[in-house]
Amino acid sequence: MGQLVVNGLALGSIYALVALGLLLIFNTVQIVNFAQGQLLMLGAFIGISCAVTHELPTAASWAVTMVAMALVGVVFMTLVYFPLRGRPAFLVILTTIAMGIVLENLALIIWGPLPVSLPSPVSGPPLRFAGVVISMHQLFIFATLAVILLLQFLFLTKTRFGILMQATAQDLHTARLVGIPVNRTIATAFALGTVLSGIAGLLVAPIFLAEPTMGGSLGLKGFVVSVIGGFGNLPGAVIGGLFLGLVETFGARYISSNFRDAYAFIVMIAVLIAWPRGLFGEKTSEKV
Amino acid sequence: MESLQRRRWLVAAAVIAAALAVPLVTHDGYIIQLLNIAILNTIVVLGLNFVTGWAGQINFGQAAFYGLGAYTTAIATKSGLPWITTPFLSAIVVIAASLTLGLPTMRLRTYYLAMTTIGFGEIIRLIIVHWEPVTGGTSGLRAIPGISIFGIGPEGQAQHYYILVIALAVAILVAARVRHSALGRAMIATRDSEIAAEQSGVDTTRTKLAAFMIGAVYAGLAGCLYASSIRFISPDSFSGTQAILLMTMLIVGGMGSIVGCVFGAVALTILPEALRFLGQWYLVLYGLGVIAVIVLAPGGLASVASQLQLRRAGVR
């Protein structure tokens, strides 16, 4: 029971990380990136190329992955979002999905279809506590989530750039009028959001194996989490992520593991039926 | 303008003649089978066009309705029910499913609707995969009884082809009729501005639900024909990937255009087979191609064609 809670929370932390990356982009340009899962997969494979194939030390391979992902984020924005600014959100959903297909198949071509494992950046004997085993990697996941949540909060509210980002999110045109470098702000949001999904990839790969098709369901879970937490809400995303991790772990244990991937959607549909704007409410309403 | 109208009729007549002539030209079973699947996909995409093209609601559940129709038909005929009951059974199942999904979700906005429909498709797929005694699991169902009305039914792929062409013609005519009815205009109004439509007395929730249901029935009936003309079904044909593929057929062909639906569905069904030598690269190019169409020609290839035509007519 306690073990299930720990495992569920670790899984949920990863979902929360995916959601935090989604939200960074969503909060700036009101666009949901349906390729977030494939970006996560890409992060995992870049990490594997660094740490396993080229045997770089952990810190170096994390650094390389993060820089590479930031670049990927900017390219991604240029191809998928930039040409469609001001056009219906619906079209951007489709371009991000299409880009997800491109990334997934490029990964299949480059890295092949076989699952690969990535060693955890931390090692050491697991903690044992009242019959519950917490691995070092799980602790590392919790710590990473906490640090990223804190950094993201400080970045958005305390730094100049974060405030520019929030201003851009509220009203792109006015932001441009008052001299905010809107394009650079948006590019940064995409870069950071992509880096976050890359980190999630580096954390997932040691638990599940990495394979090119791993992104689809993880990306969707990140989205489910954002919906449960209410779009644009950081603490909501974390609570939503942990909640979903617990639901899946307990559902797989006590109901049926075949339907593991369905629980997320069932929870989401239930939440949306009850609260059409998510548990913690999206604040904005439609502009006429 | 009149010559344009006449030219359109000529083009339509030529397309119909060409479609009818195909089995006379080729006896290659593979090609006819591919065309049969293309026609079935076209019917499903025409259904999706009601929801997405006209009512403006994103829907990634269309492949699941397709699958529900196919599995209902396969399970019914395999357990001994006469074929004639299956179109009705399929329609009843998809109407029930579309109401279950549509009633609570039709008030949701873009992203939420996209996600709930993806979720719905995934739940249906998981049920099909794991309810093995009934659905055959991942290996699917084989040797499904064919179309047969009081013992009379088509033999061979060419005869199936003609039946499917007739079904497609009916699907196109119904779609064209609905488009110019009060319901069709209400769908367009809902897409263009929900607020304005509500102000003009359109019940947008009901309109969206109607579009969603008609779309589901198209997919369900296409699924019924799929099961009984292809005679083999598996969950892969109705997965989330398939739902995305159907959506791209609509986008590439041209949202809201019947000609576009036909063009997009036929082209994107045949293209992967024709470009098989590209292997994995096909999907990479496919993704980039979809992005290119959305960015460069948001009305799809149908809009490019009609613009060219108008320009040429203008010059004359």
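The preceding data block contains the structure.
As a starting point, this report considers the structure included with it. This one's a predicted model, so the numbers in the text were calculated from it and none came from an experiment.

## Re the overall build of chain A
Argument step 1. Scanning chain A from N- to C-terminus turns up 11 helices and two strands.
Argument step 2. Overall, chain A shows an N-to-C arrangement of helices and strands of α-α-α-α-β-β-α-α-α-α-α-α-α.
Argument step 3. Against the globule reference of 19 Å for 288 residues, chain A gives a C-alpha radius of gyration of 19 Å, in line with a compact fold.
Argument step 4. Taken along its principal axes, the extent of the C-alpha atoms in chain A is 60 × 45 × 35 Å.
Argument step 5. Split into buried and exposed, the 288 residues of chain A put 52% on the buried side.
Argument step 6. Long-range contacts, defined here as pairs at least 24 residues apart, represent 73% of the contacts in chain A between residues at least 6 apart.
Argument step 7. Total accessible area computed for chain A in this model is approximately 12100 Å², and 70% of it derives from carbon and sulfur atoms.
Argument step 8. Across chain A, the mean location of the 13 positive side-chain charges is 10 Å away from that of the 8 negative side-chain charges.

## Some words on the side chain of B:Q62
All names here are of chain B.
Argument step 1. With respect to the secondary-structure elements, Q62 resides in helix α3 (residues 62-78).
Argument step 2. Separated by 3.1 Å, the side chain of Q62 and the backbone oxygen of G215 make a polar contact.
Argument step 3. Apart from residues lying up to four places away in sequence, Q62 is in contact with V44, G47, L48, G215, A216, A219 and L246.

## Observations concerning the pattern of salt bridges
Where side chains of opposite charge bring their charged atoms close, a pairing between them can arise.
All names here are of chain A.
Argument step 1. Under the criterion given, the structure shown has seven salt bridges over all chains.
Argument step 2. The salt bridge involving E248 is made with K221; its shortest N-O contact spans 3.0 Å. On the criterion of sequence distance, the pair formed by E248 in helix α10 (residues 234-254) and K221 in helix α9 (residues 215-229) is long-range, its members being 27 residues apart.
Argument step 3. Look at K221 and you get buried, because its relative accessible area is 5%.
Argument step 4. With a closest N to O distance of 3.0 Å, K221 and D261 form a salt bridge. Here D261 lies in helix α11 (residues 260-274) and K221 lies in helix α9, a separation of 40 residues in the sequence.
Argument step 5. Exposure remark for D261: the relative accessible area of 26% places this residue in the partly exposed category.
Argument step 6. Sharing partners across several salt bridges, the network here consists of K221, E248 and D261.

## Brief notes about the nonpolar core
Argument step 1. With 173 residues, the main nonpolar core has A:F34, A:F223, B:F60, B:F65, B:I233 and B:M247 as its most contacted residues.
Argument step 2. Of all the elements, helix α1 (residues 2-29) of chain A adds the most residues to this core, at 14 residues.
Argument step 3. Discounting residues that sit within four places of it in the chain, B:F60 has contacts with A:I93, A:L94, A:I97, B:A114, B:T117, B:I118, B:A243, B:I244 and B:M247.

So, how was this worked out
Residues numbered from 1 in each chain as written. Chains lettered and ligands numbered in written order. Predicted model: local features only at pLDDT ≥ 70, side-chain atom pairs only at ≥ 80, totals over all residues. Heavy atoms only, no water. Helix = DSSP H or I, 4+ residues; strand = E, 2+ residues; numbered from the N terminus. Rg over C-alpha atoms; globule rule 2.2 N^0.38 Å. Buried < 20%, exposed > 50% of the residue type's maximum accessible area, 1.4 Å probe, protein only. Contact = heavy atoms within 4.5 Å. Areas by Shrake-Rupley, 256 points an atom, 1.4 Å probe, with all protein chains shown as cover. Lys, Arg positive; Asp, Glu negative; His and termini not counted. Charge placed at Lys NZ, Arg CZ, Asp CG, Glu CD. Polar contact = N/O pair within 3.5 Å; in protein donor to acceptor, adjacent residues only side chain to side chain. Salt bridge = Lys/Arg side-chain N within 4 Å of Asp/Glu carboxyl O. Core = buried A, V, L, I, M, F, W, Y, C linked by side-chain atoms within 4.5 Å.

Interpretation in functional terms is not warranted from these geometric data alone.
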